[in-house]
Amino acid sequence: CGLVVLALRFAIFRKYDIGGMCNGILAGLVSITAPCGNVECGSAVFIGIIGAFIYQGSSLLLQKLKVDDPIDAFAVHGACGAWGVLAAALFDWGTGMDYFNGWSGWSC
């Protein structure tokens, strides 16, 4: 995910941004935190890559709106966290409401 952001920022700004790469790594980790017990490995990689694009888009949007967020905390934790919650529902390949794709589900 960090490499995706590094490539995106190089394509947009024509210079390497190591801080953006580190935030891209964090964006991927935040994106997969919510669905980590319910998705498969390939889906986890895809969720992280989408999280990198969401981070980059929300970071540029905050700059365009002149919102003061010098370390992109909202872009990493807010936007990618919301994407992770949506991804938990979209990428869960369990069978119905009684079964879960994670370790053993949970019981009350």
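About the thresholds
- For every chain, the first residue of its written sequence is number 1, and the numbers climb from 1 along that sequence.
- Reporting of local features is limited, given that this is a predicted model, to residues whose pLDDT is at least 70; pairs of side-chain atoms are given and counted only at 80 or more, and all residues count toward the totals for whole chains, interfaces and linings.
- Values reported for side chains reflect all heavy atoms of the structure, with hydrogen atoms and water molecules removed beforehand.
- Any carboxyl oxygen of Asp or Glu within 4 Å of a side-chain nitrogen of Lys or Arg constitutes a salt bridge here.
- The rule is simple: take the accessible area with a 1.4 Å probe, protein chains only, and divide by the maximum for that residue type; under 20% is buried, over 50% is exposed, in between is partly exposed.
- Note on conventions: DSSP H or I runs of at least 4 residues are helices, E runs of at least 2 residues are strands, and numbering of each starts at the N terminus.
- The length a helix should cover is 1.5 Å for every residue beyond the first.
- Contacts were defined at the residue level, with two residues in contact if any of their heavy atoms lie within 4.5 Å.
- Any two of the Phe, Tyr and Trp rings considered here, Trp counted by its six-membered ring, make a pair once their centres fall within 6.5 Å; the pair's planes then place it as stacked at under 30 degrees, edge-to-face at over 60, or tilted in between.
- Here, over-ring charges are defined by two tests on the NZ atom of lysine or the CZ atom of arginine: distance to the ring centre within 6 Å, and angle to the ring normal within 35 degrees.

(A) Layout of the pattern of salt bridges. Applying the stated criterion across every chain, the model contains two salt bridges. Salt-bridge contacts for aspartate 17 lead to arginine 9; the nearest nitrogen and oxygen are separated by 2.5 Å. On the basis of relative accessible area, arginine 9 is assigned to the buried category, the value being 7%. For the salt bridge of arginine 9 with aspartate 72, the shortest nitrogen-to-oxygen distance reads 3.7 Å. On the criterion of sequence distance, the pair formed by arginine 9 in helix H1 (residues 2-13) and aspartate 72 in the loop between helix H3 (41-64) and helix H4 (73-90) is long-range, its members being 63 residues apart. The same class applies to arginine 9 as to aspartate 72, namely buried. If you follow the salt bridges from partner to partner, you end up with Arg9, Asp17 and Asp72 in one network.

(B) Seen up close, H4. In a regular helix each residue adds 1.5 Å, so 18 residues correspond to 26 Å; H4 covers 25 Å between its end C-alpha atoms and thus fits that length. Along H4, the residues that are buried comprise Ala75, Val76, Ala79, Cys80, Gly81, Trp83, Gly84, Ala87 and Ala88. Against helix H2 (18-33) and H3 lie the buried residues of H4.

(C) Geometry of the packing of aromatic side chains. Applying the stated rule across the entire model yields three aromatic pairs. Geometrically, the ring pair formed by phenylalanine 10 and tyrosine 16 is stacked, given 4.7 Å between the ring centres and 15° between the ring planes. With relative accessibility at 30%, the residue phenylalanine 10 sits in the partly exposed group. Tyrosine 16 sits in the exposed class, given a relative accessible area of 60%. Aromatic side chains phenylalanine 46 and phenylalanine 91 sit 5.9 Å apart centroid to centroid with 65° between the ring planes, which places their arrangement in the edge-to-face category. Placement of phenylalanine 46 in helix H3 and of phenylalanine 91 in the segment after H4 is noted, with a sequence separation of 45 residues between them. Among the aromatic side chains, those forming a connected cluster through ring pairs are Phe46, Trp83 and Phe91. Its guanidinium or amino end placed over the ring of phenylalanine 10, arginine 14 lies 5.9 Å from that ring's centre, counting from NZ or CZ.

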